[in-house]
Amino acid sequence: MPVLLTHPDCARHRPPKGHPERPERLAAALAGLDGLSLRREEPPEATDEELSVLHPRAYLAALALREQEAEQVALDPDTWLSPGSLRAARLAAGGALRAVDLVMAGEASKAFVAARPPGHHALAATPMGFCLFGNVALAARRALDRHGAERVAIVDFDVHHGNGTQALVEEDPRILFVSTHQSPFWPGTGDADDAGPHGTVMNLPLRAGTGGAAYRKLLTDVILPRLEEHRPDLLLISAGFDAHVDDPLGGLALTAGDFGWITARLCEVAERHANGRVASVLEGGYDLQALRDSAAAHVAALGGAA
């Protein structure tokens, strides 16, 4: 039975009205999981010590000061703080860390972190693209540093390149980072020839309009063989559902059924090499119905229903 890690205070992060990364996203994702057989747990906040594995303490202190400046503080044109934002972000990071603790300890084989704000654009000392902390990158380091994993793989299927995750993990040859993303598109990174300093980055840019059939072929022919070669002890997923055909921020054309199929194939790799260990963390997804349906298909597949 998968573990669902979520906390109501993740809805306390409130960008300005009309911002796509709104609290209703969390409610939509959770609504999609109604009726699934899940064990629910509220994660703790990530501590300064846990966050400082990748984020300088000066950055953490600066964010805390900025949060106190006003009801809503713009860190950049896309990324905002409001009262409660840092607690929400620490809970999101803490959820990713707790997910790793659970699956690496054998207390669960699969975990899904339904939290916000997302994390895969956050750099070490720079917030970006709605993101404050590198949740999945922190999770990868947790597995390696605390649980003795020798190799970790991250698969990011968000419509945007996970530039922050890549920047935070590419120096570690034990971590394979795979990103599929629309290109050309924001943030303008993730070129196919960018393999990182150790060749452990696989960037797979997709043209606008790419749909499920093409994506499934790419996964089968390119991504799965690379994962098999890496033989990860843990598979992490940056589950961005903004690659859905109905998403207002993206231009790809996947469906909820595609996300379920993709997840099932990734879980098969984990069964062969990682004793089934998979931890998935919510990233993007901005059409509420598409997010609800996609989260449902994804987590059902984590539970073996696809």
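Residues numbered from 1 in each chain as written. Predicted model: local features only at pLDDT ≥ 70, side-chain atom pairs only at ≥ 80, totals over all residues. Heavy atoms only, no water.

**Student:** I tried to follow the pairing of strand β1 (residues 3-6) on my own but got confused; where do I start?
**Tutor:** Two faces make up the sheet, and in a regular strand the side chains alternate between them. Burial along β1 is two-sided: Val3 and Leu5 facing one way and Leu4 and Thr6 facing the other are all buried. Sheet topology places β1 next to strand β2 (residues 39-41); three bridges connect them, and they run parallel. Bridge pairing links Leu4 to Arg40 in β2. Chirality of the crossover, the property in question, places the unit of β1, helix α1 (residues 24-32) and β2 among those that are right-handed. (Buried < 20%, exposed > 50% of the residue type's maximum accessible area, 1.4 Å probe, protein only. Helix = DSSP H or I, 4+ residues; strand = E, 2+ residues; numbered from the N terminus. Pairing = 2+ DSSP bridges. Right-handed = clockwise from strand over helix to strand, strands pointing away.)

**Student:** I would appreciate a short explanation of the packing of helix α8 (residues 256-273) against helix α9 (residues 288-302) in the present structure.
**Tutor:** When two helices pack together, their arrangement is given by the angle between the helix axes and the distance between those axes. Running from N to C, α8 and α9 point in directions that differ by 25 degrees, and their axes come no closer than 8 Å. It follows from the interaxial angle that α8 and α9 lie roughly parallel. Judged by the twist between their axes, the crossing of α8 over α9 is right-handed. Here Ala256, Phe259, Gly260, Thr263, Ala264 and Cys267 of α8 lie close against α9, whose contacting residues are Asp293, Ser294, Ala297, His298, Ala301 and Leu302. Residue composition of the contact of α8 with α9, grouped by class: seven nonpolar, four polar and one charged. (Axes fitted to C-alpha atoms, helices over the stretch in contact; angles between N-to-C directions. Parallel < 35°, antiparallel > 145°, perpendicular 65-115°, else oblique. Left-handed = near helix turned anticlockwise from the far one by under 90°. Contact = heavy atoms within 4.5 Å. Nonpolar A, V, L, I, M, F, W, Y, C, P; charged D, E, K, R; others polar.)

**Student:** What should I look at first to understand the side chain of Arg265 in this one?
**Tutor:** Take Arg265: it is sitting in helix α8. When its relative accessible area of 16% is taken as the criterion, Arg265 is described as buried. Apart from residues lying up to four places away in sequence, Arg265 is in contact with Leu219 and Leu224.

**Student:** Could you clarify how one ought to interpret helix α7 (residues 212-230) in this entry?
**Tutor:** One turn of the α-helix equals 3.6 residues, which is why residues spaced by three or four share an orientation. Relative to the 27 Å expected for 19 residues at 1.5 Å per residue, α7 spans 25 Å between its end C-alpha atoms, a close match to the ideal helical length. Bending of α7 peaks at approximately 40 degrees at the position of Leu219. Here the buried face of α7 lies against β6 (152-156), β7 (175-182), β8 (201-206), β9 (234-239) and α8. Two residues or fewer past α7, Arg231 is found with a positive phi of approximately 55 degrees. (Expected span 1.5 Å × (residues − 1). Bend = angle between axes of the 7 residues up to and from the residue.)

**Student:** I'm lost on the packing of aromatic side chains in this one. Help?
**Tutor:** The geometry of two aromatic rings is summed up by the distance between their centres and the angle between their planes. Under the criterion given, the structure shown has five aromatic pairs. An angle of 85 degrees between the planes, with centres 5.8 Å apart, marks the rings of Phe130 and Tyr286 as edge-to-face. Placement of the pair is Phe130 in the loop between β5 (110-114) and α5 (135-146) and Tyr286 in the loop between β10 (278-282) and α9, with a sequence separation of 156 residues. Judged by its relative accessible area of 12%, Phe130 is buried. Take Tyr286: its relative accessible area is 6%, and that puts it in the buried class. (Phe/Tyr/Trp six-rings, centres within 6.5 Å; stacked < 30°, edge-to-face > 60°.)

**Student:** In this structure, what is going on with the nonpolar core? I would like to understand it.
**Tutor:** One broad rule of soluble globular proteins: the nonpolar side chains tend to lie buried together. Ranked by internal contacts, the top residues of the largest apolar core, which has 93 residues, are Phe112, Phe133, Leu227, Leu236 and Leu266. Looking at this core element by element, the count peaks at 12 residues for helix α4 (residues 85-104). Setting aside residues up to four positions removed in sequence, Leu266 forms contacts with Val155, Leu219, Leu224, Leu227, Leu235 and Ile237. (Core = buried A, V, L, I, M, F, W, Y, C linked by side-chain atoms within 4.5 Å.)

**Student:** In this structure, what is going on with the side chain of His161? I would like to understand it.
**Tutor:** Of note, His161 is situated in the loop between β6 and α6 (163-169). Judged by its relative accessible area of 2%, His161 falls in the buried class. Among the polar contacts listed, one links the side chain of His161 to the side chain of Thr189, at a separation of 2.6 Å. Here the side chain of His161 touches Asn203 through a polar contact of 2.9 Å, side chain to side chain. The residues touching His161, leaving out its near neighbours within four places in the chain, are His120, His121, Gln166, Phe177, Ser179, His181, Trp186, Pro187, Thr189, Gly190 and Asn203. (Polar contact = N/O pair within 3.5 Å; in protein donor to acceptor, adjacent residues only side chain to side chain.)

**Student:** It is not clear to me how unusual backbone geometry should be interpreted in this structure. Could you clarify?
**Tutor:** With the exception of glycine, most residues fall at negative phi, and the peptide bonds are largely trans. In the segment running from Arg116 into Pro117, the intervening peptide bond is cis, with an omega of 5 degrees. Note that Pro117 resides in the loop between β5 and α5. The omega angle of the peptide bond from Trp186 to Pro187 is 5 degrees, so this bond is cis rather than trans. One can find Pro187 in the loop between β7 and β8. Positive phi, close to 80 degrees, is recorded for Phe130, a residue that is not glycine. Non-glycine residue Arg231 carries a positive phi angle of around 55 degrees. Overall, Arg231 belongs to the partly exposed group, its relative accessible area being 43%.

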